[in-house]
Amino acid sequence: MSLDINKSYKAILDGARQSRFVTYGEVAAASGVEWKKARRPLPLQLDQLVYISHERGWPLISAIVVSKENVESGRLEGESLAGFMAAVAKVGLTVDDAQAFLHEQQQAVFEWSKTAPDELGMSSDHDDDAGGPRFVHYFNPVLEALRAHGGSATPDKVFAWIKDHHDLPAAEIEGVNKGGQSKFENKVAWARFYLAKAGLIDAAKRGVWALTSEGLNTSLTRADALQIFRNVQSQFKAAGDEEEPAPEVVTGQELFADPARKFWFVGAAWGADDQTPRFLAEGIWQNGYHDKFGDEVRRMRPGDRIAIKAAFVRKHNLPFDNRGQPVSCMRIKAIGTIAENLDDGRTVRVDWEVLDPPRDWFFYTYRVTVVEADPNDELARRLIVFAFAGARQDYDFWIKQPYFAKKYGPEQKAASLEEFFETDALETEEEAAVPSYTADNIADDGCFLPKEQINGILARIESKRNLVLQGPPGTGKTWLAKRLAYALIGSKDPKVTRDRLRVMQFHPSLSYEDFVRGWRPSGDGKLALIDGVFLEIVEAAKAEPDRPFVLVIEEINRGNPAQIFGEVLTLLEDTKRSRDEAMELAYRREPGERVYVPRNLYVIGTMNIADRSLALVDLALRRRFAFVSLEPRLNGVWREWCANKCGLAADTISLIEHRMNALNEEIGQDRSLGQQYRIGHSCVTPAGALTGDAKGWFSDVIRTEIVPLLEEYWFDAPEKVAAAQQKLLEGL
């Protein structure tokens, strides 16, 4: 069953006569069509009603059709408003203020309905042949043929199915055009071209026609097909001469014909000021930062494509079911082609095309000011085609991606109290450009390494992608690992880090099935293939490619790293962080599934080198990680911290330093122990300001923490433990 335009008119008219707004669901229900099947053709029919209203001199009756969330206010937002205004523009109306125009039309519809005709008087299928070439008749048969073949088929199978299931004129089947090509096959190919432009067919794979998720659920009447033809012609200035050969390359695939072409997504906000009008007027784009993104700007070349975007969060009036969860959105305001690079690290000249209205893209978004999209990545490729070729976004595809399925699928986690009160506030694009947590903050938080060394460690992580902090107990390995993660992310705000930082610990019982993927019991008493922490953060990093993600693994050598990592140990290598290096896993969800580790995922491990129960670290792990050794640091920075932050007296600080250094020297010279068994500074650094007896606190630390550790070290020499204890406690 398909939408009947006369019944849609009646539903809208009934609502108007009651002075109320009508929901999209009501309009679909009037024709007895469930919402899932009406989602695609209904906007086309509403566009058609705009055209009919304008032709008959009526107010635009579809102006009162809104989402169920806005049925009280009558507001149109996002894609809904953009779609309505696009239809308004197509009938030749010029609008300065979209919301004011909408309100004006709505009030006019309510008044007009009092004397409006009870019937629209249109043929239900609109088969009065209101124009359009012959190939428009093949739109729905192409969809039917592909559904009959399971969603995809080669062109010859589509041709054969249509011939077998539709009564076609012999002259069309047997005729050839001026190029000697079958007229029938060329018309079907033209139909495929337009359906691909409309987002119903995926044309990415040569030689195979495949339905998108939207196409699988779409059936077109003649009126629907004609509206698609008009929309595509208007939006893409597409040709329609069916005597000419149908184009081979569709839905933007021609964008990738030049392998050297780059695709840039850039912000235009300098603080609170939107520079977009100036950029468009002057035919330029400028980097608003003097110390950021200069290298990226210098890599921009004439012929590269560029888009101005703004990132924010939306929660209401979305064109898909987000189950009440906030969704990241990126608004594409203008697209262009770079004409010249001024080589100053700031300015490029651009031939701009303004998108009016702007287009909203959801889920996979860029929030950093300058991002180069990778055309070899399938997810980025879809965004590129959306932005620069006007393709529709396949919401069903995105909401089924593992990362987004967990956030917006039926099994998504319950919203936290903070998320419940979140609004549709604009997110800043400055988060990654101006981080709120840096190496300076690490030092200020109580790291006793020189700032130059902290910066060196961060640089090593950024180049190697994987790093292990190793050292004796108490040297602050875990503490530093988390703060290095904050610095990579650029923030320690839990709202920012909760999805971008994962912390776990290896232990002897941990397995590949726990860490990567394996079969585990599910709630229904069966086994299910479940992704572990590693694949979860991999999918998250792929979904937000311009933002760093960090996995911290404590005690990385307490498990069996070679067994726990399995084949993904190879994928961690910095030279193999690309889709081209993807590998099959031991447990695959489907035949041929391949996994890779994105470059924006960093892994930081910690290793206690004093644990005598651990074997030597696997050499394969050592090749893929950089190793940084931490030492006990009872130095000048430590002394200053203890005095200023902890309130210790100078004589107490000197006593602690002297006795711990003497103990560590003895441990380091012991042939049965060595340097790796020394005791770190964190054991004798108060967590905060001490209000009581400082020497009493040090005495308690000796008795309850240090002496038990010495008893483990010198388990066969109790006299050494007793002597060390006496030296440490003397005079306390």
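Rules and cut-offs
Residues numbered from 1 in each chain as written. Predicted model: local features only at pLDDT ≥ 70, side-chain atom pairs only at ≥ 80, totals over all residues. Heavy atoms only, no water. Core = buried A, V, L, I, M, F, W, Y, C linked by side-chain atoms within 4.5 Å. Buried < 20%, exposed > 50% of the residue type's maximum accessible area, 1.4 Å probe, protein only. Helix = DSSP H or I, 4+ residues; strand = E, 2+ residues; numbered from the N terminus. Axes fitted to C-alpha atoms, helices over the stretch in contact; angles between N-to-C directions. Parallel < 35°, antiparallel > 145°, perpendicular 65-115°, else oblique. Left-handed = near helix turned anticlockwise from the far one by under 90°. Contact = heavy atoms within 4.5 Å. Nonpolar A, V, L, I, M, F, W, Y, C, P; charged D, E, K, R; others polar. pLDDT = per-residue confidence, 0-100. Salt bridge = Lys/Arg side-chain N within 4 Å of Asp/Glu carboxyl O. Pairing = 2+ DSSP bridges.

**Some details on the nonpolar core**
Core analysis: the largest hydrophobic core is formed by 91 residues, its most contacted members being F265, W285, F515, F534 and F565. Of all the elements, helix α15 (residues 378-389) adds the most residues to this core, at nine residues. Counting 40 residues, the second largest nonpolar core, distinct from the first, contains V27, V65, M85 and V91.

**Topic: the packing of helix α7 (residues 139-148) against helix α8 (residues 155-165)**
Two elements in contact, α7 and α8, have axes separated by 9 Å at closest approach and are oriented at 110°. Classified by the interaxial angle, the pair formed by α7 and α8 is roughly perpendicular. Crossing hand, α7 versus α8: right-handed. Contact with α7, carried on its side by P141, V142, E144, A145, L146 and A148, involves V158, W161 and I162 of α8 and no other residues of that element. In terms of residue class, the contact of α7 with α8 is made up of eight nonpolar, no polar and one charged.

**A few points about the confidence of the model for the protein chain**
The predicted structure's coordinates, where accompanied by low pLDDT, should not be read in detail. For the protein chain, the mean per-residue pLDDT works out to 87, and 91% of the residues sit at or above 70. This stretch, residues 125-130, has a pLDDT under 50; its non-local contacts, to residues over four places away or in other chains, come to 11 contacts.

**Some remarks on the packing of helix α1 (residues 5-17) against helix α4 (residues 41-56)**
Contact geometry for α1 and α4: axes closest at 11 Å, N-to-C directions at 75°. Between α1 and α4, the crossing angle belongs to the class labelled roughly perpendicular. Facing I5, S8 and I12 of α1, the residues of α4 in contact are Q45, L46, Q48, L49 and I52. Classifying every residue of the contact of α1 with α4 by side-chain character gives five nonpolar, three polar and no charged.

**Quick look at the pattern of salt bridges**
According to the stated counting rule, one finds 29 salt bridges in the structure shown. A salt bridge links R579 to D377, with the nearest nitrogen and oxygen atoms 3.0 Å apart. Of the two residues, R579 sits in the loop between α26 (568-571) and β19 (601-608) while D377 sits in the loop between β13 (370-373) and α15, which places them 202 residues apart along the sequence. For R579, a relative accessible area of 33% translates into the label partly exposed. A salt bridge links D440 to K451; the nearest nitrogen and oxygen atoms lie 3.8 Å apart. Residue D440 is located in helix α19 (residues 439-445), and its partner K451 is located in helix α20 (residues 451-464); the two are separated by 11 residues in the primary sequence. Salt bridges here are not isolated pairs; linked through shared partners, they connect R517, D531, R589 and E593.

**Re the sheet that holds strand β5 (residues 209-211)**
Strand-to-strand pairing in sheets goes through backbone hydrogen bonds, with the strands running parallel or antiparallel. Spatially, β3-β5-β4 is the arrangement adopted by the three strands of the open sheet, whose pairing is antiparallel. Strand pairing shows two members of the sheet lacking a second neighbour, β3 (152-153) and β4 (201-202), which therefore form its edges. Relative to β5, β4 runs antiparallel, the two being bridged by two bridges. Opposite I201, over in β5, you have L211 as the bridge partner. Here α7 sits on the sheet in contact with β3, β4 and β5, set at roughly 90° to β5.

**Examining the pairing of β19**
Counted residue by residue, β19 has eight buried out of eight residues, so it is predominantly covered. On β19, burial covers both faces: L601, V603, G605 and M607 on one face and Y602, I604, T606 and N608 on the other are all buried. Alignment of strand β14 (residues 466-471) against β19, held across six bridges, turns out to be parallel. Pairing of G471 across the sheet is with N608, part of β19. Here five bridges tie strand β18 (residues 549-554) to β19, and the two strands are oriented parallel to one another. Its bridge partner being in β19, V550 is matched across the sheet by Y602.

**Here we look at the sheet that holds β14**
If you trace the five strands from one edge of the open sheet to the other, you get β15-β18-β19-β14-β20, paired in parallel fashion. This sheet does not close on itself; its edge strands, each paired only once, are β15 (501-505) and β20 (626-629). Ignoring which end each strand starts from, the neighbouring axes of this sheet average 20° apart. Pairing of β14 with β20 involves four bridges; the strand directions are parallel. Of the residues in β20, the one forming a bridge with L467 is A626. Packing of α20 onto the sheet brings it into contact with β14, β19 and β20, and relative to β14 it is tilted by some 140°. Sheet strands touched by helix α21 (residues 477-489): β14, β15, β18 and β19. Its angle to β19, the strand with the most contacts, is close to 170°.

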